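# A structural walkthrough
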Amino acid sequence: MRHLMNPLDLSVEELENMMDLACDIEAHPDKYAHACAGKKLATLFYEPSTRTRLSFESAMLSLGGSVLGFADADSSSAAKGETVADTIRVISSYADICAMRHPKEGAPKVASLYSKIPVINAGDGGHQHPTQTLADLLTIRKLKGGLGNLTIGLCGDLKFGRTVHSLINALVRYENIRFVLISPEELRLPSYIREDVLAANNVPYKEVIRLEEAIPELDILYMTRVQRERFFNEEEYIRMKDFYVLNNEKLEAAKEDMYILHPLPRVNEIAVEVDNDPRAAYFIQAKNGVYMRMALILTLLEVKVC
Ligand code: NCD
């Protein structure tokens, strides 16, 4: 039985196969409409979510399966003090696969150790968010024709932004990738990722504070929200929250084919005027997330569709 905690749990070949499968699902949805008939997905969300939870549910429903779960830890037995280990032992006999989001780093990993069904990490604290990475990779591959030979700018809260951590893990395995890490000093990428992932894989990167300075050389600009819920102090969040605002004026310096991604939700970091720019790819990215989650569910449940 397989779980997904980190993008590195999937080989590059498996990722490519999953992206091919997602494209086939998008092109021929009817072929997959009953692939998971009789199967159940449990969504255990101990932390707020719109896209991730609903895209998982939409994915399972589009495969002909059904969904159950909770969207709020206070409405689950966690509020009575139940451990994740006990919850998953029980859910293992109610569902065939489970997606878990939790504010504590490593909680889905703990669940996977006690689970009899595949567990998918749907975001654990400021750590990893592998299924967002699946959506990101498919979006980049579709727009750029592949995942190598790219200069990727990651901008905003690189300290707490789990989507950024997972995306870096996944992309360092592709040829000729360079990163430009754009953040204020306070929200720098954690040193364990700079050293153990980027430096250890000889992946070139540079750190800059000003977005304007970085924009001209980028092929992809991945914007992120400042992660308010991970700050210890609200004043610090208020000081940081509008550090970056991408607008049409700043985009004038970008390449014609520099696409803008964002895992969403957006707060202020991308002005609404940018939505009309043909390079704005964040809503397509959210749509790609459903196809990739469908491909992931089929893969983890070992369902083959001919
Ligand atoms: C992200 C997350 O939950 O980490 N959202 C998402 O799943 N698309 C990004 C964020 O909340 O900023």
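Since the structure is predicted, the reported quantities are computational estimates derived from the model, not experimental observations.

### Topic: the overall build of the chain
A count of helices and strands for the chain gives eleven helices and nine strands. For 306 residues, the compact-globule estimate of 2.2 N^0.38 gives 19 Å, and the chain sits close to it at 19 Å. Overall, the chain is about 55 × 45 × 40 Å in size when its C-alpha atoms are taken along their principal axes. Considering only contacts in the chain between residues 6 or more positions apart, those separated by 24 or more positions represent 75%. Charged side chains of the chain number 35 positive and 43 negative; the gap between the two group centres comes to 4 Å.

### Description of the environment of A37
Position of A37 among the secondary structure elements: in the loop between α1 (12–27) and β1 (40–45). For the pair formed by A37 and L21, sequence separation is 16 residues and the distance between their alpha carbons is 18 Å. If we skip the residues at most four places from it in the chain, A37 touches L63, G64 and G65.

### Comments concerning the sheet that holds strand β6 (residues 177–182)
Here we have five strands laid out as an open sheet, ordered β7-β6-β5-β8-β9, and parallel in their pairing. Looking at which strands have only one partner, the edges of the open sheet turn out to be β7 (205–208) and β9 (259–261). Across the sheet, the mean angle separating the axes of adjacent strands is 20° when strand polarity is ignored. Of the pairings in the sheet, the one linking strand β5 (residues 150–155) to strand β8 (residues 220–223) comprises four bridges and is parallel in character. When the sheet's bridge partners are listed, C155 is paired in β8 with M223. Against the sheet, helix α5 (residues 130–144) engages β5, β8 and β9, with an angle of about 170° to β9.

### Overview of the layout of surface pockets
Reported here for the largest pocket is a volume of approximately 410 Å³. Along its surface, the largest pocket is lined by 21 residues, and R101, R162, R225, L264 and P265 are the ones closest to its centre. Among the secondary structure elements, those contributing two or more residues to the lining of the largest pocket are α2 (51–62) and α6 (162–171). Here the residues of the lining of the largest pocket sort into four nonpolar, ten polar and seven charged. Viewed by domain, the lining of the largest pocket spans two of them, domain 1 (7–128 + 289–300) and domain 2 (130–286), each represented by three or more residues.

### Some points on helix α3 (residues 84–91)
Looking only at α3, the buried set comprises V84, A85, T87, I88 and I91. Across the axial projection of α3, the buried residues extend over an arc of 160°, all falling on one side. Among the structural elements, β1, β3 (97–102), α4 (107–114) and β4 (119–124) are those in contact with the buried residues of α3.

### Focus: the side chain of R279
Following the sequence through the fold, R279 ends up in the loop between β9 and α11 (282–300). R279 sits in the buried class, given a relative accessible area of 12%. Each residue touching R279, except ones within four places of it in the same chain, is listed here: L251, A254, K255, E256, M258, Y259 and I260.

### Quick look at the domain arrangement of the chain
Its domain assignment divides the chain into domain 1 (7–128 + 289–300) and domain 2 (130–286). Using only C-alpha atoms to locate each centre, domain 1 and domain 2 end up separated by 25 Å. Between domain 1 and domain 2, the residue contacts involve 33 residues of the former and 27 residues of the latter. When domain 1 packs against domain 2, close to 2400 Å² is buried across both sides, 57% of that on carbon and sulfur atoms. Considering only the surface of domain 1 that becomes buried against domain 2, P7, R51 and Q128 emerge as the three largest contributors, covering 23% of it. Along the contact surface separating domain 1 from domain 2 lie five salt bridges. A salt bridge links R141 to D20; the nearest nitrogen and oxygen atoms lie 2.9 Å apart. Inspection of the domain 1/domain 2 interface yields 15 residue pairs in polar contact (both at pLDDT 80 or more). Going through the elements one at a time, α1, α2, β3, β4 and α11 are the ones with two or more residues in the side of domain 1 that touches domain 2. In terms of residues, the side of domain 1 that touches domain 2 owes the most to one element, α1, which gives nine residues. A per-class count over the side of domain 1 that touches domain 2 returns 15 nonpolar, ten polar and eight charged.

The rules behind each value
- Residues numbered from 1 in each chain as written.
- Predicted model: local features only at pLDDT ≥ 70, side-chain atom pairs only at ≥ 80, totals over all residues.
- Heavy atoms only, no water.
- Helix = DSSP H or I, 4+ residues; strand = E, 2+ residues; numbered from the N terminus.
- Rg over C-alpha atoms; globule rule 2.2 N^0.38 Å.
- Contact = heavy atoms within 4.5 Å.
- Lys, Arg positive; Asp, Glu negative; His and termini not counted.
- Charge placed at Lys NZ, Arg CZ, Asp CG, Glu CD.
- Pairing = 2+ DSSP bridges.
- Axes fitted to C-alpha atoms, helices over the stretch in contact; angles between N-to-C directions.
- 1 Å grid on protein atoms, 1.4 Å probe; cavity = no way out; pocket = protein on both sides within 12 Å on 5 of 7 lines; lining within 4 Å.
- Points joined across faces, edges and corners; volume = space filled by probe spheres on them.
- Nonpolar A, V, L, I, M, F, W, Y, C, P; charged D, E, K, R; others polar.
- Domains from an automatic or database assignment.
- Buried < 20%, exposed > 50% of the residue type's maximum accessible area, 1.4 Å probe, protein only.
- Arc of directions from axis to C-beta.
- Buried area = accessible area lost by both parts, 1.4 Å probe.
- Salt bridge = Lys/Arg side-chain N within 4 Å of Asp/Glu carboxyl O.
- Polar contact = N/O pair within 3.5 Å; in protein donor to acceptor, adjacent residues only side chain to side chain.

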